[in-house]
Amino acid sequence: MLEKSWKKIGLLILIIACVFNIMGKLVNKMSLNKEMLYSAQYMYDEQQVEQQNEQNSK
């Protein structure tokens, strides 16, 4: 029985894994607004660190 249907079982497991993966990404998806704010904050922080490094090296 298992020898005849191993491809179907494997395909079913693959489909279920893909569905869970997609659902997990949709549930945990961050809004674009928050993502842009976090990116801007990161860039600002990096700029501040670079400026401090330049001032310390002088």
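Here the residue index of a chain counts from 1 through its sequence in written order. Where totals are concerned, whole chains, interfaces and linings use all residues; where local detail is concerned, this predicted model gives features only for residues with pLDDT of at least 70, and gives and counts side-chain atom pairs only at 80 or more. Computation of side-chain values: all heavy atoms of the structure, hydrogens and water removed.

1. Describing the overall build of the protein chain
The following threshold applies: Think of it this way: any DSSP run of H or I at least four residues long counts as a helix, any run of E at least two long counts as a strand, and we number them from the N terminus. All radius of gyration figures rest on C-alpha atoms, and the globule criterion is 2.2 Å times the number of residues raised to 0.38. Here the Shrake-Rupley method, with its probe set to 1.4 Å, supplies the accessible areas, and only the displayed protein chains count as covering residues. Charge assignment in this entry is limited to Lys and Arg as positive and Asp and Glu as negative, and neither His nor the chain termini are counted. In plain terms, the charge of a residue is placed at NZ if it is Lys, CZ if Arg, CG if Asp and CD if Glu.
Scanning the protein chain from terminus to terminus reveals two helices and zero strands. On C-alpha atoms alone, the protein chain measures out to a radius of gyration of 24 Å, which is more than a quarter above the 10 Å that the 2.2 N^0.38 rule sets for 58 residues. Overall size of the protein chain, expressed as C-alpha extent along the three principal axes, is 75 × 25 × 10 Å. Counting only carbon and sulfur atoms, one obtains 64% of the accessible surface of the protein chain, whose full area is about 6,100 Å². Side-chain charges in the protein chain split into 7 positive and 6 negative, and the spacing between the mean points of these groups amounts to 21 Å.

2. A look at a nonpolar patch on the surface
Filter applied, for reference: Patch criteria: residues need more than 30% relative accessible area and no salt bridge. Like-charged residues are merged within 9 Å; nonpolar side chains of Val, Leu, Ile, Met, Phe, Trp and Tyr are merged within 5 Å. Whenever Lys or Arg places a side-chain nitrogen within 4 Å of a carboxyl oxygen from Asp or Glu, that contact is recorded as a salt bridge.
A grouping of Leu-11, Leu-14, Ile-15, Val-19, Ile-22, Met-23 and Leu-26 is seen on the molecular surface, where their side chains present a nonpolar patch of about 680 Å² in accessible area. With respect to the helices and strands, the residue Ile-15 is situated in helix 1 (residues 2–27).

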